[in-house]
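# Secondary and tertiary structure notes
The residues making up each chain are set out below.
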Amino acid sequence: MPHLFVDVSSHGFGHLAQTAPILNALQDRRPDLRLTVRCGLPEAIVRARIRGDFAFIAGCTDFGFAMLNAVSIDVAETARRYRDFHADWPRRIAAEARLLADCAADLVLTDVAYLPLAGAAEACIPALTMCSLNWAELFTHFFGNADWAAPIHAEIQGAYASAEHFLRLMPAMSMTTLGNTRLVGPVASLGEYRRGELAARLACDDDRIVLVAFGGIEHELPVDRWPRHPGIRWLVPHGWGIDRTDMSAFEPLEFPFTDLLASVDAVLTKPGYGTFTEAACNGTAVLYQRRSDWPEQDCLIEWLEQHARCREVDTENLHSGDLADALTALWRMPAPLTPHPTGIAEVADLLDCRLNKMR
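Residues numbered from 1 in each chain as written. Predicted model: local features only at pLDDT ≥ 70, side-chain atom pairs only at ≥ 80, totals over all residues. Heavy atoms only, no water.

The next subject is the pattern of salt bridges. Summed over the entire model, instances satisfying the criterion amount to 20 salt bridges. As a salt-bridge pair, Arg194 and Glu197 come within 2.9 Å of each other at their nearest N and O atoms. What makes Glu197 partly exposed here is its relative accessible area of 38%. Across the pair Arg228 and Asp246 runs a salt bridge, and its minimum N-O distance is 3.4 Å. One end of the pair, Arg228, is in the loop between strand E10 (208-212) and strand E11 (232-236); the other, Asp246, is in the loop between E11 and strand E12 (247-249), and 18 residues separate them in sequence. With a relative accessible area of 8%, Asp246 lands in the buried category. Taken together, the shared-partner salt bridges in this structure form one network comprising Glu77, Arg80, Arg81 and Asp84. (Salt bridge = Lys/Arg side-chain N within 4 Å of Asp/Glu carboxyl O. Buried < 20%, exposed > 50% of the residue type's maximum accessible area, 1.4 Å probe, protein only. Helix = DSSP H or I, 4+ residues; strand = E, 2+ residues; numbered from the N terminus.)

Below, the structure is given as structure tokens:
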């Protein structure tokens, strides 16, 4: 049977959120699929999203950007990492090609690492990549004028160009400098509406429930100093160690994240593909903090404004906890038609057809 090797970026949870529903749909079509997943996220998190049997390799071949927190980039550290990563680029490609050959990979899929694409090309293994962004375009945004950047950008761009297709998952950046792009619909997991169960667990039948989730990148807020808003219950990360009667950690509830997202009244987050598309496709309202100089966010926000109830909150109000008026206005907005994640079937069909050619 063909062997699909998948590399999932661990720059937050959004890349896994894009990849998992597609792999689940593909495994429904091909229950005998031999699947290997490499990712730098904890294995338990990966297996909670991707169903079925697959081999797991702990590791990451991209870092994207070094982050100070969920909304701010450490530009100097990011520049250092890119220079180090590309210092001996041919050696990295050769090592990756050997790994893919040793794994007997028949097809490589990434979201959105570029080294495996270069390695696959070296090993003569067909490869595809997919995402709403690519590191070449973001690299140019931040480092395009640096005197050291041009050779590194050429290597990143060349790796992406070697793929059979770059599948642009809507809502996506334009990627006009790549000639192998193919636009597909949005990708998002659909959760089960479990509001009654959630409210019972929290003992808050009449309260509005707001989930605070910043996409897997550390972003602690001073919620312990927020004022209490009667009628609002907050769900916050367990690691924040908050002990307040109006706040509960969401991890001990042991709800799948998409079930939780589908069952709350709003999510407080940053612009990110996974949370934005999953909130919209599950009919959940979104309050978001804009990211500092992140070029992908414009297309995400534009799409969300068309497909979900959403409002921006500024940093001052976010840190003070003065959010009641914004939430009230958010809940008064008319709900648009819920979008359907058509990209799941589109990409799964493409992968299925590509694997059929290898029989």
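There's plenty left to go through after this.
The next point concerns the sheet that holds E10. Strand pairing within a sheet occurs via backbone hydrogen bonds; the two strands may be parallel or antiparallel. What the six strands build is an open sheet, ordered E12-E11-E10-E13-E14-E15; its pairing is parallel. Edge positions in the sheet fall to E12 and strand E15 (310-312), since each has one partner strand and no second. Taking each pair of neighbouring strands and ignoring which way they run, the sheet shows an average axis angle of 20°. Bridge count between strand E13 (residues 266-269) and strand E14 (residues 285-288): four bridges; the pairing is parallel. For Val267, the partnering residue across the bridge sits in E14 and is Val286. Helix H8 (residues 195-202) contacts E10, E11 and E12 of the sheet and is inclined by roughly 90° relative to E10. (Pairing = 2+ DSSP bridges. Axes fitted to C-alpha atoms, helices over the stretch in contact; angles between N-to-C directions. Contact = heavy atoms within 4.5 Å.)

Within the largest apolar cluster, 99 residues are counted, with the highest numbers of intra-cluster contacts made by Trp135, Tyr160 and Leu235. Not counting residues up to four positions away in its chain, the partners in contact with Tyr160 are Val112, Ala113, Tyr114, Leu117, Thr129, Asn134, Trp135, Ala136, Phe166, Leu178 and Asn180. If you look at the next biggest cluster of nonpolar residues, it comprises 23 residues, including Phe214, Val223, Ala326 and Leu327. (Core = buried A, V, L, I, M, F, W, Y, C linked by side-chain atoms within 4.5 Å.)

Okay, the packing of aromatic side chains next. Any pair of aromatic rings gets described here by the distance separating the centres and the angle formed by the planes. With the rule as written, the count across this model stands at 17 aromatic pairs. Their ring planes at 80° and their centres at 5.6 Å tell us that Phe65 and Trp294 sit as a pair that is edge-to-face. Taken together, the residues Phe65 in the loop between strand E3 (55-58) and strand E4 (67-69) and Trp294 in the loop between E14 and helix H11 (297-307) connect sequence positions 229 residues apart. Across the pair, Trp294 and Phe65 agree in class, each one buried. When the ring of Phe142 is compared with that of Phe143, the centres are 6.4 Å apart and the planes differ by 50°; the resulting orientation is tilted. There is no split in this pair, since Phe142 and Phe143 are both buried. What links up through ring pairs into an aromatic cluster is the set Phe63, Phe65, Tyr82, Trp135, Phe139, Phe142, Phe143, Trp148 and Trp294. (Phe/Tyr/Trp six-rings, centres within 6.5 Å; stacked < 30°, edge-to-face > 60°.)

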